[in-house]
Amino acid sequence: MTPDFDEIIDRVGTQCSKWDDMQAAYGVTPQDGGLAMWVADMDFRPPAAVQRAVEAVAAHGVYGYPGANRPYLEAIRWWMERRHGWSVDTGWILTCAGLVNGVAMALDAYTQPGDGVIVMSPVYHAFGRVIRASGRQLVELPLTQDGGLYRMDWTAWENRLTGRERLLILCSPHNPGGRVWTPEELRQVADFCIRHDLILVSDEIHCDLVMPGHRHSVTAAACPDIADRLVTLTAATKTFNIAGAHVGNAIIGDEGLRNRFKAALMARGISPGLFGMDMVTAAYSPEGAAWVDALVDYLDGNRRLFDDGIAAIPGLCSMPLQATYLSWVDFSGTGMEPAEFTARVERTARIAANHGATFGTGGESFLRFNIATPRTRVAEAVARLQQAFADLQ
C-alpha cells in the first residue's frame, strides 16, 4: 500500500513530547493552531509491517524477558548491506537504549571525568548535554560555511586542542545542518583522530534520510584503517518514526573496543525490550525499504516547498538540505537579535522551532524547523512565516 503521508494525525494528548510539551517549552499551544516543528520525530505512521509486529506481540499476551534476538540482528545486518553496502558481522552489534544512551555509554567506556570530548558545532544539542552531565569537558570545533554549506576547518582546529581530549563525536549526516559528509571528509576526520589518539563515535542515525542526488557514506566503510578506534551508532528509530521504542545499535568491529562498550552496558543493566526489537526487525525489511523510498520522496517535496517559501522572505536563508528532515534557517540577514526573530516565529506565526543557540557555537542566528509533517502543515508554516516577516518584503 502507498503510505498516506498527507494524513493529519492528532497527536495531542498522547504523551507526545512534540505536541504536548510545546506550550511549556515555547508558549505555543496546539489549541490555538500552533504548529510543532521542534522535536525530531515525524507526524507519520511507520510502515504497516511495524504496526503488525506490535499487534502480534500484544495479541500473544505474554510479555516476558526477550531473548533469541537472532532475527533482530540479522535484520540489522541485512539492512546495512542492502541499503549502505556495509558488511556487518552480527557479533559486532550491541544494543543500547537509543543513540543518546549510546553516546553516554561510549563516554563511560572510553573516557574519564575531566577528559575533553570534541564535537563539531553547531551540532545536535543532546551531545553537549550528555557530555556535561557526565563530568567531561565539552570541546567545540566550530564549523565554517562555504557556499552555504558547513565545512570542516582542519587548519584552525589543530590549534584548539589541549591534549586532554580523548573522544570525538561525529554527526553524520549532520544535524542540524543537513550535511552529507563526503568520503574524503570522513577520511580527514579519521586522520585527525589518529593524529590526536582519539576514539571516534560516528552517530549515523539519519543515514537513511538522504535527499535525492546525495548518498550517505558509512564512516566504517570509508575509513577501514580506524576500526580499532571507531564506534558506529545507528538506529531504525529516526528512519521509521519509532523513537518511543528507545532502541539503537553500537556497531563495533574491534573486539577490544567492543568489550569495553559491552562492559559499560552491563554495568548499567541495559538490554533491549521486546517490543523495540520486534519493531526494528519488521522495519528492516523489503516492505520497510519501499516505505523509506516513498518517505524520502515526500520529504524532498516538503523541502522544496519550505525552502522556496523561506527564500521569498528577505533576510532569511535555509541551508541546503542534503539529509534529515530538519531545516536549518539563518535569520542573520534580517539584522534582528535572536529574541526578536524568535518572538515573531513563536508569537506571531505560532510555530515552535528549536532555538539555534542550543546547538552550540555558531547556531545563535538560526532556528531549526522539522518539516516531517503533512504538506498542508508545511504550507501553513510558510504562509505564517511570510506574514510574520511581511514588513521585510
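Residues numbered from 1 in each chain as written. Predicted model: local features only at pLDDT ≥ 70, side-chain atom pairs only at ≥ 80, totals over all residues. Heavy atoms only, no water.

- An unreviewed UniProt entry lists the protein under the name cysteine-S-conjugate beta-lyase, with Paracoccus fontiphilus as the source organism.
- A UniProt comment under Sequence similarities (unreviewed entry) is attached to the protein, and it reads "Belongs to the class-II pyridoxal-phosphate-dependent aminotransferase family. MalY/PatB cystathionine beta-lyase subfamily."
- The heading Cofactor (unreviewed entry) in the UniProt record of the protein holds the text "pyridoxal 5'-phosphate". (UniProt positions renumbered as here; feature names shortened; annotations may be inferred.)

**Things to note about the sheet that holds strand E13 (residues 351-355)**
And step 1. Taken together, the five strands give an open sheet; going across it, the order is E1-E13-E14-E12-E11, and neighbouring strands pair in mixed fashion. A single partner strand is all that each edge strand has here, and the edge strands are strand E1 (35-37) and strand E11 (317-318).
And step 2. Across five bridges, strand E12 (residues 326-330) lies against strand E14 (residues 366-370) in antiparallel orientation. When the sheet's bridge partners are listed, Trp328 is paired in E14 with Arg368. (Pairing = 2+ DSSP bridges. Helix = DSSP H or I, 4+ residues; strand = E, 2+ residues; numbered from the N terminus.)

**Quick look at the layout of surface pockets**
And step 1. Each pocket or cavity is described by its volume, and for the largest pocket that value is around 1100 Å³.
And step 2. If you go around the largest pocket, you meet 42 residues; those closest to its centre are Val39, Ala40, Asp41, Ala243 and Gly244.
And step 3. Secondary-structure elements contributing two or more residues to the lining of the largest pocket are helix H1 (17-20), helix H5 (99-110), helix H6 (125-133) and helix H10 (237-240).
And step 4. Broken down by class, the residue content of the lining of the largest pocket amounts to 19 nonpolar, 13 polar and ten charged.
And step 5. Looking at the second largest pocket, its volume works out to about 430 Å³.
And step 6. Pro3, Pro46, Pro47, Ala48 and Trp291 are the residues nearest the centre of the second largest pocket, which is lined by 19 residues in total.
And step 7. For the lining of the second largest pocket, the elements supplying multiple residues, two or more each, are helix H3 (48-60) and helix H13 (286-311).
And step 8. Of the residues forming the lining of the second largest pocket, the biggest block, four residues, is contributed by H13. (1 Å grid on protein atoms, 1.4 Å probe; cavity = no way out; pocket = protein on both sides within 12 Å on 5 of 7 lines; lining within 4 Å. Points joined across faces, edges and corners; volume = space filled by probe spheres on them. Nonpolar A, V, L, I, M, F, W, Y, C, P; charged D, E, K, R; others polar.)

**Quick word on the sheet that holds strand E2 (residues 93-96)**
And step 1. The seven strands are arranged E2-E10-E9-E8-E7-E3-E4 in an open sheet whose pairing can be described as mixed. Two strands lie at the open edges of the sheet, namely E2 and strand E4 (137-142), each paired on one side alone. Strand after strand, the sheet turns through a mean of 25° between neighbouring axes, direction not considered.
And step 2. Alignment of strand E3 (residues 116-121) against strand E7 (residues 165-171), held across four bridges, turns out to be parallel. (Axes fitted to C-alpha atoms, helices over the stretch in contact; angles between N-to-C directions.)

**Concerning the pattern of salt bridges**
And step 1. Tallied over the full model, the rule gives 21 salt bridges.
And step 2. Between Arg187 and Glu184 there is a salt bridge, and its shortest N-O distance comes to 3.6 Å. Within this pair, Arg187 and its partner Glu184 are both found in helix H8 (residues 183-195), separated by three residues, close to a single helical turn.
And step 3. Under the relative-accessibility criterion, Arg187 is labelled partly exposed at 36%.
And step 4. Residue class for Glu184 comes out partly exposed when judged on its relative accessible area of 42%.
And step 5. Close ionic contact of Asp197 with Arg229 constitutes a salt bridge, the shortest N to O distance being 3.3 Å. You can see Asp197 sitting in the loop between H8 and strand E8 (199-203) and its partner Arg229 sitting in the loop between helix H9 (219-222) and strand E9 (230-234), a full 32 residues away along the chain.
And step 6. The exposure class of Asp197 is exposed, given its relative accessible area of 55%.
And step 7. Because the salt bridges share partners, they merge into one network encompassing Arg11, Lys18, Asp41, Asp43 and Arg377. (Salt bridge = Lys/Arg side-chain N within 4 Å of Asp/Glu carboxyl O. Buried < 20%, exposed > 50% of the residue type's maximum accessible area, 1.4 Å probe, protein only.)

**Let's talk about the pairing of E9**
Sheet faces and side chains relate simply in a regular strand, where the side chains alternate between the two faces.
And step 1. Along E9, five of the five residues are buried, which leaves the element largely enclosed by surrounding structure.
And step 2. Along E9, one buried face is formed by Leu230, Thr232 and Thr234 and the opposite face, lined by Val231 and Leu233, is buried too.
And step 3. As judged from the four bridges shared by E8 and E9, these two strands associate in the parallel manner. By the bridge assignment, Leu200 is partnered in E9 with Leu230.
And step 4. One ladder, built from three bridges, connects E9 with strand E10 (residues 248-251); its direction is antiparallel. By the bridge assignment for E10, Leu233 is matched with Ala250.

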